[in-house]
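Fold and contact review
The chain contents come next:
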Amino acid sequence: ALPIFSRSLMRKARAFEGNIFRGSGKAFPIGLAVISLLFFGGFYRQITHVFPASIIKALNSSGSEFQLLQKLNDNLDKNVKTMTFIPPNPENGIDEGTHIVIIGESANRDHMKAFTPDYPENTTPWLSEMAKSKDFALGYKAYSNFPNTLFSLSYAMTSANQYSDMSFEDVVSMVDVAKAAGYRTDWISFHNRSSMSSAGVTMIAERCDDSYWEKNYDGYTLEVLKKLPPAKKRIIFINIDGSHYTYLARVPVNLRDKLGISKEDPYHDYDLTIAYDDQVMKDIFEYAKANLNLKSMIYFSDHGENMKHYHTTSPFYYDMVHIPFFVYLSPDYQAAHPELMPALKAHEQQVFTNDLAFDTVTGIWQAKTNFYQSKYDFSSKDYAINMDNATTFERKKKIKDDPVWQANKKRSCEKIMIFFTAPFVWESLILCLPERITAVPSKPSGPFCRKELRGGGGDRSHRKAEDIDSSLWTHQNQEFQVDRPVHPKNPSTQPAAKGRLFLFLFMPPGATFPL
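My aim in this report is to walk through the structure given alongside it, one point at a time. Bear in mind that the values here come from a model prediction, so they are computed numbers and not experimental data.

A tally of helices and strands in the chain yields 14 helices and 17 strands. The burial tally for the chain puts 48% of its 515 residues in the buried class. Here the analysis covers contacts within the chain between residues at least 6 apart in sequence; of these, 75% occur between residues at least 24 apart. Split by element, the accessible area of the chain, about 25700 Å² in all, is 55% carbon and sulfur.

Listed below in structure tokens is the structure:
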């Protein structure tokens, strides 16, 4: 039976093969359709990875920022001629020293313990320690202005931003300002010099006195710093490879098991990149302090990262624009410019979007021009961006609509509601009560109580908990209501004065009373 079945199978195979090569029957068009689908599907996937849809859309969109990049290139030299440099006060200005600007890649502050203390992985041991220093200020509510590099850094590195009406045709770059202030400028990049997504950055980087395009890990920065020509006044831009996917490719193999990231971490590969660049920044900082007369070091990322969709315009998630941002100022630079660090510290919990990097960075350098606006400078007392007016995604998205702040707003409302986990929570309670207080907990976590307080006190409206009969405690469904005490001999008497509620609690373990 087996030889007969084998011969039958071979005949059918030859017939199918003949049909395909003769082009007859249904097998040929079906096979051709399947092969074509697989080929073009793979081609489409690759082409949309190399040329993201958002960039292609921008390329074809009339009046888009991408189209204006060429106008930016055509007009930068012309605009520089209109730039007026405002010299700093010679009494407190520091002429010599090095300023470093580190531009991150796809770094999400939600994965950085320095910005998110309850994050389970210690991804930022160095920065977490530095955050305690009086010489560092962190922007805990920092955002990118756009979820891809092309747009975000074209804004960040020029005087254009979401909040002004300045066109890319009318701007100057951060590099131009630095050179006008008399600084030597060097650009160190670990990105592709000719990639489409880096077009705007490359255009600006090439305006530096020297640029170094490295094909290596971010840790190689130290080797480049060591070969820079000497300069008394210099600004160094370092565009690290950061946390761009694929993540593991950004971290040297010999360091992957030494960065302290747990193998059980669901975001292990991404968190490795964060921990690695924390070490890289530590090395840059320590080398520059010891060898380059470091005056300031500023770090911000181009955009954030979503763990499922990476960074894109559709679908958009707010974690795609959650970025880290910090500023270091040396003690002698702070002494020369005493207004800077207090303003930076005062704004740590204020919103910052990285299209304001131009004004902030040039303000810190004391390299102000007629293109500088103090209301966009995070280091200025005039800084005017807050939760109400901050935006991202070309003003299409409001920062206050970020689900993170919506959740915090909800929790803040919950905190004014009195709730507790057991009916016997007070050993001492002093009340100066309004007519009625009702507090409804949002999350049932045990038997809730209602206590009707009745007893003496009259107009004083004061009673101690031990004077109240415990039988007045009753279990209720998620509600605790307190009525104003009334005079025991005349229940209709209501004190005219309305007081405030004061609760002095001595609660047993497990009871909660957040305020």
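Okay, unusual backbone geometry next. With an omega dihedral of 0°, the bond running from Tyr-245 to Thr-246 counts as a cis peptide bond. Position of Thr-246 relative to the elements: it lies in the loop between β7 (233-239) and α10 (268-291). Look at the link from Ser-314 to Pro-315: it is a cis peptide, with omega at 0°. By secondary structure assignment, the location of Pro-315 is in the loop between β8 (294-301) and β9 (325-329).

A separate point is the nonpolar core. Counting residues in hydrophobic clusters, the biggest one holds 68 residues, and the most contacted among them are Met-174, Trp-187, Phe-237, Phe-300, Phe-325, Leu-329 and Trp-365. Sort the elements by how many residues they give to this core and helix α6 (residues 149-156) lands first, with five residues. Beyond its immediate stretch of four places on either side in the chain, Trp-187 contacts Ile-103, Met-157, Val-175, Val-201, Ala-205, Cys-208, Asp-210, Ser-211, Tyr-212, Phe-237 and Asn-239. One finds Ile-240, Val-251, Ala-275 and Tyr-299 within the second-largest nonpolar core, a separate group that totals 42 residues.

Because the α-helix completes a turn every 3.6 residues, residues three or four places apart line up on one side. Taking 1.5 Å of rise per residue, 24 residues should cover 34 Å, and α10 covers 34 Å from first to last C-alpha, within 8% of that figure. Where α10 ends, the next residue or the one after it, Asn-293, has phi of about 55°, a positive value.

It is worth spelling out the packing of aromatic side chains at this point. Summed over all chains, the structure comprises 24 aromatic pairs. With a centroid separation of 5.1 Å and 40° between ring planes, the pair formed by Tyr-155 and Phe-168 is classed as tilted. Of the two residues, Tyr-155 sits in helix α6 while Phe-168 sits in the loop between α6 and α7 (174-180), which places them 13 residues apart along the sequence. Ring geometry for Phe-285 and Tyr-328: centres 4.8 Å apart, planes at 85°, overall edge-to-face. With Phe-285 in helix α10 and Tyr-328 in strand β9, this pair connects stretches of sequence that are 43 residues apart.

Following the sequence through the fold, Ser-262 ends up in the loop between β7 and α10. Along the sequence, Ser-262 and Pro-120 sit 142 residues apart, while their C-alpha atoms lie 9.6 Å from each other. The residues contacting Ser-262, other than those within four sequence positions of it, are Glu-121 and His-268.

On to the sheet that holds strand β5 (residues 184-189). With mixed pairing, the seven strands of this open sheet are ordered in space as β3-β9-β8-β2-β7-β5-β6. Two strands lie at the open edges of the sheet, namely β3 (136-138) and β6 (210-213), each paired on one side alone. Strand after strand, the sheet turns through a mean of 10° between neighbouring axes, direction not considered. Sheet topology note: the strand β2 (residues 97-104)/β8 ladder contains seven bridges and is parallel. Each bridged residue has a counterpart across the sheet, and for Gly-104 the counterpart in β8 is Ser-301. Across the sheet, α10 is in contact with β2, β3, β7, β8 and β9; its angle to β8 comes to roughly 165°. Taken strand by strand, helix α13 (residues 357-364) contacts β2, β8 and β9, and its axis lies near 170° from that of β8.

Rules behind the numbers
- Residues numbered from 1 in each chain as written.
- Predicted model: local features only at pLDDT ≥ 70, side-chain atom pairs only at ≥ 80, totals over all residues.
- Heavy atoms only, no water.
- Helix = DSSP H or I, 4+ residues; strand = E, 2+ residues; numbered from the N terminus.
- Buried < 20%, exposed > 50% of the residue type's maximum accessible area, 1.4 Å probe, protein only.
- Contact = heavy atoms within 4.5 Å.
- Areas by Shrake-Rupley, 256 points an atom, 1.4 Å probe, with all protein chains shown as cover.
- Core = buried A, V, L, I, M, F, W, Y, C linked by side-chain atoms within 4.5 Å.
- Expected span 1.5 Å × (residues − 1).
- Phe/Tyr/Trp six-rings, centres within 6.5 Å; stacked < 30°, edge-to-face > 60°.
- Pairing = 2+ DSSP bridges.
- Axes fitted to C-alpha atoms, helices over the stretch in contact; angles between N-to-C directions.

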